[in-house]
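# Report on the structure
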Amino acid sequence: MKLAKTDVLTGLANRLELDTRLNCEIERCRRLKYPLSIILADLDHFKKVNDNYGHLFGDKCLIQVSEILTNNTRELDTAGRWGGEEFLILCPETNLDNAIDLAEACRAIIEQHRFAEGPHVTVSLGVTTLIADDTLEALINRADQALYNAKTRGRNRVEILQG
């Protein structure tokens, strides 16, 4: 059963599990009037890492980034692999300011991390928070747009987008 919920490479929650938890947390946070924020993260220029250092090294980077995210989020949070080199952090009971702080902390730790025998790796992050009439799709789309803004504004940065 664990395999059905877990990304095989990283051990993080997989896309299906993230979708399930997102839907549950949206309902719970609405019912209990708690804030809910999400962070969408994407490793910068990761195709070049795979092309220049090989997919095994790329896999090692993904595993190490997963460990960084796991070690720097709360037990209440869910860090998962959204796809490829993208990660999503679900932050229940977290307002936008606290989610920005978490995203910036993760960005800085990844920037400072030295990946053995490889290049310097950075990450871009998009942050948003649940608003009154959000659907799951609207929430994800806003985080994705914030991530896109981080990529187009220079990478290795955190951008926010509010509803």
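What counts and what doesn't
Residues numbered from 1 in each chain as written. Predicted model: local features only at pLDDT ≥ 70, side-chain atom pairs only at ≥ 80, totals over all residues. Heavy atoms only, no water. Phe/Tyr/Trp six-rings, centres within 6.5 Å; stacked < 30°, edge-to-face > 60°. Lys NZ or Arg CZ within 6 Å of the ring centre and 35° of its normal. Buried < 20%, exposed > 50% of the residue type's maximum accessible area, 1.4 Å probe, protein only. Helix = DSSP H or I, 4+ residues; strand = E, 2+ residues; numbered from the N terminus. Pairing = 2+ DSSP bridges. Salt bridge = Lys/Arg side-chain N within 4 Å of Asp/Glu carboxyl O. Expected span 1.5 Å × (residues − 1). Polar contact = N/O pair within 3.5 Å; in protein donor to acceptor, adjacent residues only side chain to side chain. Core = buried A, V, L, I, M, F, W, Y, C linked by side-chain atoms within 4.5 Å. Contact = heavy atoms within 4.5 Å.

Our next topic: the packing of aromatic side chains. Taken as a whole, this structure holds one aromatic pair when the rule is applied. Here the basic side chain of arginine 15 rests over the ring of tryptophan 82, its NZ or CZ set 3.6 Å away from the ring centre.

This paragraph deals with the pairing of strand β1 (residues 36–43). Counting buried positions over the eight residues of β1 gives eight, a clear majority of the element. Judged by which residues are buried, β1 turns out to be covered on both faces: Leu36, Ile38, Leu40 and Asp42 on one side and Ser37, Ile39, Ala41 and Leu43 on the other are all buried. Note that β1 and strand β3 (residues 86–92) share seven bridges and pair antiparallel. Each bridged residue has a counterpart across the sheet, and for isoleucine 39 the counterpart in β3 is isoleucine 89. The pairing of β1 with strand β4 (residues 123–129) spans seven bridges and is antiparallel. Looking across to β4, one finds that aspartate 42 is bridged to serine 124.

Turning our eyes to something else, we now look at the pattern of salt bridges. Here the structure, examined in full by the defined rule, presents 13 salt bridges. Among the salt bridges present, the one from aspartate 77 reaches arginine 74, with a minimum N-O distance of 2.5 Å. Its salt-bridge partner being arginine 107, residue glutamate 104 comes within 2.6 Å of it at the nearest N-O pair. Residue glutamate 104 and its partner arginine 107 are both found in helix α5 (residues 96–112); the two are separated by three residues, about one turn of the helix. The class for arginine 107 is buried, based on a relative accessible area of 11%. Look at the salt bridges and you will find they share partners, linking Glu25, Arg28 and Glu93 into a network.

What follows is about helix α2 (residues 15–32). In a regular helix each residue adds 1.5 Å, so 18 residues correspond to 26 Å; α2 covers 25 Å between its end C-alpha atoms and thus fits that length. All buried positions along α2 are accounted for by Glu17, Leu18, Leu22, Glu25, Ile26, Arg28 and Cys29. The N-capping residue of α2, defined by a side-chain oxygen 3.2 Å from the backbone nitrogen of leucine 16, is asparagine 14. Following α2 by one or two positions, lysine 33 adopts a phi angle in the positive range, close to 60°.

So, about the nonpolar core. Ranked by size, the top nonpolar core spans 28 residues in total, and within it Ile39, Leu43, Leu69, Phe87 and Ile89 carry the most contacts. Going through the elements one at a time, β1, α3 (46–53), α4 (55–71), β3, α5 and β4 are the ones with two or more residues in this core. Among all residues touching isoleucine 39, those that are not within four sequence positions of it are Phe87, Leu88, Ile89, Cys91, Ala99, Leu102, Ala103, Leu125, Gly126 and Val127. Counting 17 residues, the second-largest nonpolar core is a separate cluster that includes Ala13, Leu22, Leu88 and Ile140.

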